Amino acid sequence: MEKSRKKAALWLLVIPYIGLLWPPLYNMREPALFGFPFFYWYQLLWVPITATLTFIAYRSTRHDD
């Protein structure tokens, strides 16, 4: 049970990769947010998402000695 839970936590690291893998999916100007084209704010949105997912994966897999 513990091993499968750690493996699932590591799969969280794949989510940002998939979200940013293929630029034609998000290579557009509209919808703009605060004057920023979609292309830019979509990528910037992934920064805190990736940090959060990395933190969760780290906390789920670290070994407290």
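Residues numbered from 1 in each chain as written. Predicted model: local features only at pLDDT ≥ 70, side-chain atom pairs only at ≥ 80, totals over all residues. Heavy atoms only, no water.

The protein goes by DUF3311 domain-containing protein in an unreviewed UniProt entry, where it is assigned to Rhizobium giardinii.

The next subject is the environment of Gly-19. Here Gly-19 shows up in helix H2 (residues 14-20). C-alpha of Gly-19 to C-alpha of Leu-44: the two residues are 25 residues apart in sequence and 12 Å apart in space. Beyond its immediate chain neighbours, meaning those up to four positions away, Gly-19 contacts Tyr-26, Tyr-42 and Trp-46. (Helix = DSSP H or I, 4+ residues; strand = E, 2+ residues; numbered from the N terminus. Contact = heavy atoms within 4.5 Å.)

Moving on, we get to the packing of aromatic side chains. Each aromatic ring pair is summarised here by two numbers: the centre-to-centre distance and the angle between the ring planes. A full pass over the atoms with the stated rule returns 6 aromatic pairs. Among the aromatic residues, ring-to-ring pairing joins Tyr-26, Phe-38, Phe-39, Tyr-40, Trp-41, Tyr-42 and Trp-46 into one connected group. (Phe/Tyr/Trp six-rings, centres within 6.5 Å; stacked < 30°, edge-to-face > 60°.)

Here the focus is the UniProt feature "transmembrane region" (unreviewed entry) in the protein. What UniProt calls "transmembrane region" (unreviewed entry) maps, in this numbering, to residues 9-26 and 38-58. Measuring from the first to the last C-alpha atom of residues 9-26 gives 26 Å, for a span that is 56% helix and 0% strand. Here residues 38-58 is 100% helix and 0% strand, with 30 Å between the C-alpha atoms at its ends. (UniProt positions renumbered as here; feature names shortened; annotations may be inferred.)

The omega angle of the peptide bond from Glu-30 to Pro-31 is 5 degrees, so this bond is cis rather than trans. Its location among the elements puts Pro-31 in the loop between H2 and helix H3 (38-61). Positive phi, normally seen in glycine, also occurs at Phe-34, with a value near 55 degrees. Accessibility expressed as a relative area gives 78% for Phe-34, which makes it exposed. (Buried < 20%, exposed > 50% of the residue type's maximum accessible area, 1.4 Å probe, protein only.)

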